[in-house]
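Secondary and tertiary structure notes
As a plain string of letters, each chain reads:
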Amino acid sequence: MQIAVIGAGLAGLAAATEVARTDHDVVVVEASDGPGGRVRTDEVDGFRLDRGFQILLSAYPEARDLLDYDALDLRAFDPGALVRWNDRFHRVADPLRSPTRLLDTMRAQIGSPIDKARILAFRQAVGRGELADLWQRPETTARQRLADAGFSDAIVERFLGPLFTGITLDPELGGSSRVLEFVYRMLSAGDAVVPARGMGRISDQLAAGLPDGSLRLSTPAERIDGGTVVLAGGERLTADAIIVATGVDEAGRLAGLETRPWRAVTSVWLAADEPPLTEPSLVLNGTGDGPINSTVVMSEVSPHYAPPGRSLVVASTPAVGPSLVGDMRAQLAEWFGADAQRWEVIRVDEIAKAQPVHLPGHDRTGALATDDGVVVCGDHVRDPSINGAIGSGRAAARAVLTGSA
Ligand SMILES: Cc1cc2nc3c(=O)[nH]c(=O)nc-3n(C[C@H](O)[C@H](O)[C@H](O)COP(=O)(O)OP(=O)(O)OC[C@H]3O[C@@H](n4cnc5c(N)ncnc54)[C@H](O)[C@@H]3O)c2cc1C
């Protein structure tokens, strides 16, 4: 069988990897100049800049299964966090994995003593049973789920809200409670990590494992015509099966899917002569004031993110907008001192379409078969995460290979 995959983001790469493990032939056409879609890293003046700050959760089961973690040389964030609140940083000691250590957190006035018991109970609730069952549980919004679990407003606003927003880009916590439970379970079960040389190494690893010549970059698919992918320029690729792994907007155009709204993010990458913090900790905004949701000294997580003698800081906010960058710089100076005003902005990533919105009621499946026999995959089909994209791509490959599409 000849299988054509449109799009070399993580979903398309995962689908192609599964096909390549069989006797069938695969060709992947990718519109842009490199593999990875939303997960790419660029080298700029010796710094490694991911396309928007993001992290891998090492417990993601699909990622664990498909990727060679050792070769990625994963570097972990400190399991706790620093919370900026009341004009200083408060250390929150790994409450998700070691809820008993929340005592430190109590001293930090981030939550009420009762929150300690709640965290333990919630951790047990989301960790119980098979992961697949979690996606069948009663569903509400993330905010409602936290309220139902009895968390105080203080711990939601000062810690849990900013923590989940850093991953789900959902500051209102209006998305699905199942996504919240999934992320909570993953954070409890493993580490937040990045490959030592950037998130793009995940995509590069998958691309490198594909058969020679099977990945065609700078090759946009124009349309699908029956069993043929028509490329921009007119070339026609005939295939026995077609997998559309383009992201939801292009899936709408190519395969007639309904598009969805998106969540946005702005990440500002800055070079500093001295690291403002000498630890690999996520710094969260616990005040709700100012644009920054989180900031990290990436070169403290992995020194390969910056050239020798320099530090790389990234600050993120779950929005795009004209005055954000200036306001983010001012906030960094407020937090880290006037020196931060001198940090050089290396790049601003304004990503209006970072993650498809995943509301309660979203029909989450592995992959979708259209009436025309095309199989669609991607984070929009499953859930908006690296795990969701990989899992959906693998499900699409299975559907095509077993003829169940
Ligand atoms: C800034 C940011 C932060 C994030 N943070 C996290 C995080 O912390 N943890 C986490 O798990 N997830 C995070 N995510 C989400 C995660 O990165 C995505 O869910 C995942 O990468 C989506 O992969 P995909 O393959 O479904 O889609 P994409 O990565 O969008 O891949 C689609 C590919 O198809 C190509 N394409 C489109 N149209 C065509 C065409 N006509 N012909 C050929 N090719 C085409 C595109 O160029 C692209 O390469 C974040 C995303 C962003 C952007």
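Whatever comes next refers back to the structure up there.
Note that the structure is predicted; figures quoted are calculated from it, not measured.

Comments concerning the overall build of the chain
Scanning the chain from N- to C-terminus turns up 14 helices and 21 strands. Since a compact globule built from 405 residues should have a radius of gyration of about 22 Å, the 21 Å found for the chain is in line with a globular shape. Once the C-alpha set of the chain is aligned to its principal axes, its extents read approximately 65 × 50 × 40 Å. Each of the 405 residues in the chain was classed as buried or not, and the buried ones make up 58%. By element, 46% of the accessible surface of the chain is carried by carbon and sulfur atoms, the whole surface being about 16300 Å².

Here's the deal with the site of the ligand
The environment of the ligand is formed by 34 residues, the closest being Glu-30, Arg-38, Tyr-60, Glu-250 and Asp-379. In this structure, an oxygen atom belonging to the ligand sits 3.2 Å away from a main-chain N or O atom of Leu-10. Within the backbone of Ala-11, an N or O atom sits 2.9 Å from an oxygen atom of the ligand. About the coverage of the ligand: the protein hides 94% of its 1000 Å² of free accessible area. Those elements that place two or more of their residues in the shell around the ligand are α1 (10-20), β19 (344-356) and α14 (386-402).

A word on the sheet that holds strand β5 (residues 56-57)
With respect to topology, 3 strands assemble into an open sheet ordered β5-β9-β6, the strand pairing being antiparallel. The sheet terminates laterally at β5 and β6 (74-76), the two strands that pair on one side only. Where β6 meets strand β9 (residues 192-195), 3 bridges bridge the pair, whose relative direction is antiparallel. Residue pairing for β9: Ala-76 is matched across the bridge by Val-193.

Things to note about the pattern of salt bridges
Scanning all chains against the criterion turns up 27 salt bridges. For Arg-197, the salt bridge goes to Asp-73, with nearest N and O atoms at 4.0 Å. With Arg-197 in the loop between β9 and α10 (200-208) and Asp-73 in the loop between α3 (69-72) and β6, this pair connects stretches of sequence that are 124 residues apart. The exposure class assigned to Asp-73 is partly exposed, which follows from its relative accessible area of 30%. Linking Glu-250 and Arg-253 is a salt bridge whose minimum nitrogen-to-oxygen distance equals 2.8 Å. You can see Glu-250 and its partner Arg-253 sitting in helix α11 (residues 248-255), 3 residues apart, about one turn around the helix.

What counts, and at which threshold
Residues numbered from 1 in each chain as written. Predicted model: local features only at pLDDT ≥ 70, side-chain atom pairs only at ≥ 80, totals over all residues. Heavy atoms only, no water. Helix = DSSP H or I, 4+ residues; strand = E, 2+ residues; numbered from the N terminus. Rg over C-alpha atoms; globule rule 2.2 N^0.38 Å. Buried < 20%, exposed > 50% of the residue type's maximum accessible area, 1.4 Å probe, protein only. Areas by Shrake-Rupley, 256 points an atom, 1.4 Å probe, with all protein chains shown as cover. Near = heavy atom within 4 Å. Polar contact = N/O pair within 3.5 Å; in protein donor to acceptor, adjacent residues only side chain to side chain. Pairing = 2+ DSSP bridges. Salt bridge = Lys/Arg side-chain N within 4 Å of Asp/Glu carboxyl O.

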